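For reference, the chains in residue letters:
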There are 2 protein chains.
Amino acid sequence: MPDLTALETAFETAGHRLTRPRRALAELIEARDGAFSAADLVADAQGRRLGIGRATIFRAIELLEEIGALERIDLPTGEHAYVPCGPAHHHHVVCRRCSRSVEIGDLGLGALARDIARKTGYRIDVHRLELFGLCPDCQLASVPA
Amino acid sequence: MPDLTALETAFETAGHRLTRPRRALAELIEARDGAFSAADLVADAQGRRLGIGRATIFRAIELLEEIGALERIDLPTGEHAYVPCGPAHHHHVVCRRCSRSVEIGDLGLGALARDIARKTGYRIDVHRLELFGLCPDCQLASVPA
DNA sequence: CGTCCAATCGAGACTGTGTATCACTTGGTT
DNA sequence: AACCAAGTGATACACAGTCTCGATTGGACG
C-alpha cells in the first residue's frame, strides 16, 4: 500500500481506518498547500461532487487535530482555519493573502513563557503564538511599482 | 459627571454616546474582573433583567474592541472570550479556571517577530501571543495536599 | 476469499455565535 | 423645548460546528 500521503499515513499510524472519504479529504487538504477553513473544504468536496457529508468533514478535521497532523489557527478576523503540520511543538506564520504558511520552532518562547510565569505567578500550561503577514510571493505581487 | 468607570470613559473619549445600556454593560464587564464570553454577558444582563437586547451586547463588545478597550482572546477550546485592557500593544495571560487575566508587555516579542520575518522572508504585520494556565489563587485552591 | 462487526459514514435536525434589518427611542447639542 | 443622528430592541437570518441514527464499509480473522 504505497503512495500514501502524509495525512493518509497520519490516519493509519494513529490507528484509524483509511476510508475513502478520509483519503479524499487528505488529498484536498494537501492540494491546498496552506491554511484552510472548514467551509473551504466543504466547498472543495461539493465542487468535486465527492458525496462527502459535512459532518464527515468536521469529524476528519477534529480527528486530524487530535492526532496532531492539523492545527487550528485563529485568524485575526475571529474565524478558524486549519493548517497541516508535524506533531512537534511549533508555531505558524500565515500569509494573510494566499494562506500559505510555514512552521517555526520554539525560538526561545518556552524560556519566555517561564519568564512570564515567574513574573506573574501564573502556572502556564499552554501558549500560542501566531504571526500573520505576507509571504515572499505575495509581497512581490502586491508591489507593482 | 464624575464616577465614570474605565470603560465608560473609553466610550466617551472615543466620541461615542454614553447610553444607559452601555453604562450597564461597562459595569457588568468590570464586575467580572477577567475574561468573559459574549454569552456570559448576555446571561448577566438577562439575570438582572436589564432589558438589554442581544444585538446591543454584541455591538458594545465590537465597539469596545475597535476602541481598544477590549481585546478578543481565542481560548484553546476554540471559543472567543474578551478581556478589558489598555490600548498599548501587549499580550494576555489568562487563568483557565477563573478567567482572571493579566497583561504583559511586549517582552522582546517584537524583536522575535523581526527575527522570524528575516528567516522566513514573510513580512509580518500582526502577531498574537496568548498564554493560559492557573493564576496564583487557583493554584492554591487546586493543590489541597 | 467470504464473514463479521466496530468504526465510520451521510443526511438532516439541532445549538450557539454573531450579523442584518428596521421601526422606535434617546443623548446631547442648539 | 426641539431636533436628529446615534443608538436600541425585537426578530429574522447566516453560518459554524455538533448530535443522532440508520446504513455502509474497512480490514481482521478464519
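The coordinates are above.
Since the structure is predicted, the reported quantities are computational estimates derived from the model, not experimental observations.

Asks: For this particular structure, what's the right way to read the nonpolar core?
Replies: If you look at soluble globular proteins, the nonpolar side chains tend to sit buried side by side. In terms of nonpolar packing, the biggest core is built from 30 residues, with A:Leu131 and B:Leu131 touching the most fellow members. For this core, the elements supplying multiple residues, two or more each, are strand 3 (91–95), helix 5 (109–120) and strand 5 (123–134) of chain A together with strand 3 (91–95), helix 5 (109–120) and strand 5 (123–134) of chain B. Ignoring any residue separated from it by four or fewer positions in sequence, one finds A:Leu131 in contact with A:His92, A:Val93, A:Val94, A:Ile104, B:Ala113, B:Ile116, B:Ile124, B:Val126 and B:His127.

Asks: Would you explain the environment of B:His80 in this entry?
Replies: Secondary-structure assignment places B:His80 in strand 2 (residues 80–84). Considering only alpha carbons, one finds B:His80 and B:Ala38, 42 residues apart in sequence, at a separation of 8.1 Å. Not counting residues within four places of it along the chain, the set of residues in contact with B:His80 comprises A:Gly78, A:His80, B:Ser37, B:Arg72, B:Ile73 and B:Asp74. Within the structure, the side chain of B:His80 is placed 3.0 Å from the backbone oxygen of A:Gly78, a separation counted as a polar contact. A polar atom in the side chain of B:His80 sits 3.3 Å from the side chain of B:Asp74.

Asks: Teacher, can you tell me more about the interface of chain B and chain A here?
Replies: Interface size is commonly expressed as the accessible area that is lost once the parts come together. Contact with chain B, which involves 39 residues of that partner, is made by 39 residues of chain A. Three residues, B:Tyr122, B:Arg123 and B:Arg128, lead the burial of chain B against chain A; their summed loss comes to 21% of the area buried on that side. Viewed at the interface, chain A and chain B are joined by four salt bridges. For A:Arg128, the salt bridge is made with B:Glu130, and the minimal N-O distance between the two is 3.5 Å. Inspection of the region where chain B meets chain A yields 22 residue pairs in polar contact (both at pLDDT 80 or more). Across the side of chain B that touches chain A, the residue classes tally to 21 nonpolar, nine polar and nine charged. Pairing analysis gives eleven bridges linking strand 5 of chain A to strand 5 of chain B, with the strands arranged antiparallel. Bridging across to strand 5 of chain B, A:Leu131 finds its partner in B:His127.

Asks: Mind showing me how you'd approach the environment of B:Leu140 here?
Replies: Residue and element names in this part refer to chain B. Within the element layout of this structure, Leu140 appears in helix 6 (residues 136–141). For Leu140, a relative accessible area of 68% corresponds to the exposed category. Between the alpha carbons of Leu140 and Ile57 there is a distance of 34 Å; along the sequence they are 83 residues apart.

Asks: I would appreciate a short explanation of empty space enclosed by the protein in the present structure.
Replies: Space left empty within the atom packing is revealed by a probe, the size of a water molecule, rolled over the atoms. This model, assessed by the stated rule, comprises one cavity of 30 Å³ or more. Quantified by volume, the largest cavity comes out at close to 30 Å³. Every residue lining the largest cavity is listed: A:Asp74, A:Arg128, A:Leu129, A:Glu130, B:Asp74, B:Arg128 and B:Glu130. Broken down by secondary-structure element, the contributors of at least two residues to the lining of the largest cavity are strand 5 of chain A together with strand 5 of chain B. Taken together, the residues of the lining of the largest cavity break down into one nonpolar, no polar and six charged.

Asks: How should I be thinking about the relation of the copies chain B and chain A in this particular structure?
Replies: For the pair of chain copies, the relating operation is a rotation around an axis with a shift along it. If you rotate chain B by 180 degrees and push it 0.0 Å along the axis, it lands on chain A with an RMSD of 0.0 Å. Taken together, the rotation angle and the small translation identify this as a two-fold axis. Using C-alpha coordinates, one finds that chain B approaches the rotation axis most closely at B:Leu129, a distance of 2.2 Å. A shared binding surface is used by both copies, with 100% of the interface residues of chain B retained as interface residues in chain A.

Asks: Explanation requested: the packing of aromatic side chains in the structure shown.
Replies: Each aromatic ring pair is described using two quantities: the centre-to-centre distance and the angle formed by the ring planes. Residue and element names in this part refer to chain A. Taken as a whole and judged by the stated rule, the model has two aromatic pairs over all chains. Taking 6.2 Å as the distance between ring centres and 40 degrees as the angle between the ring planes, the aromatic pair formed by Phe36 and Tyr82 counts as tilted. With a gap of 46 residues between them, Phe36 in the loop between helix 2 (20–32) and helix 3 (38–47) and Tyr82 in strand 2 (residues 80–84) connect regions that are remote in the sequence.

Asks: Could you clarify how one ought to interpret the protein's contact with DNA strand D in this entry?
Replies: In the vicinity of DNA strand D there are 22 residues, among which A:Arg17, A:Arg54, B:Thr19, B:Thr56 and B:Arg59 approach most closely. Expressed as a percentage, the sugar and phosphate content of the atoms of DNA strand D within 4 Å of the protein is 55%. Elements represented by at least two residues in the surface near DNA strand D include exactly helix 3, helix 4 (54–67) and strand 2 of chain A together with helix 2 (20–32) and helix 4 (54–67) of chain B. The dominant element in the surface near DNA strand D, judged by the number of residues it contributes, is helix 4 of chain A, at four residues. Taken together, the residues of the surface near DNA strand D sort by class into nine nonpolar, seven polar and six charged.

Asks: I'm lost on the sheet that holds strand 3 of chain B in this one. Help?
Replies: Each strand in a sheet pairs with another by means of backbone hydrogen bonds, the pair being arranged parallel or else antiparallel. Read across the sheet, six strands follow the order 4(A)-3(A)-5(A)-5(B)-3(B)-4(B) without closing on themselves; strand pairing throughout is mixed. Strands at the two margins of the open sheet, each flanked by one partner only, are strand 4 (101–104) of chain A together with strand 4 (101–104) of chain B. Between one strand axis and the next, the sheet turns through 20 degrees on average, direction left out of account. In this sheet, strand 4 of chain B lies alongside strand 3 of chain B in antiparallel orientation, the contact comprising four bridges. Its bridge partner lying in strand 4 of chain B, B:Val94 is registered against B:Ser101. Its contacts with the sheet put helix 5 of chain A on strand 3 and strand 5 of chain A together with strand 3, strand 4 and strand 5 of chain B, and the angle it makes with strand 5 of chain A is roughly 130 degrees. The strands touched by helix 5 of chain B within the sheet are strand 3, strand 4 and strand 5 of chain A together with strand 3 and strand 5 of chain B, with strand 5 of chain B carrying the most contacts at an inclination of about 130 degrees.

Reading the values: rules and limits
- Residues numbered from 1 in each chain as written.
- Chains lettered and ligands numbered in written order.
- Predicted model: local features only at pLDDT ≥ 70, side-chain atom pairs only at ≥ 80, totals over all residues.
- Heavy atoms only, no water.
- Core = buried A, V, L, I, M, F, W, Y, C linked by side-chain atoms within 4.5 Å.
- Buried < 20%, exposed > 50% of the residue type's maximum accessible area, 1.4 Å probe, protein only.
- Helix = DSSP H or I, 4+ residues; strand = E, 2+ residues; numbered from the N terminus.
- Contact = heavy atoms within 4.5 Å.
- Polar contact = N/O pair within 3.5 Å; in protein donor to acceptor, adjacent residues only side chain to side chain.
- Buried area = accessible area lost by both parts, 1.4 Å probe.
- Salt bridge = Lys/Arg side-chain N within 4 Å of Asp/Glu carboxyl O.
- Nonpolar A, V, L, I, M, F, W, Y, C, P; charged D, E, K, R; others polar.
- Pairing = 2+ DSSP bridges.
- 1 Å grid on protein atoms, 1.4 Å probe; cavity = no way out; pocket = protein on both sides within 12 Å on 5 of 7 lines; lining within 4 Å.
- Points joined across faces, edges and corners; volume = space filled by probe spheres on them.
- Least-squares fit on C-alpha atoms with pLDDT ≥ 70 in both.
- Phe/Tyr/Trp six-rings, centres within 6.5 Å; stacked < 30°, edge-to-face > 60°.
- Near = heavy atom within 4 Å.
- Axes fitted to C-alpha atoms, helices over the stretch in contact; angles between N-to-C directions.

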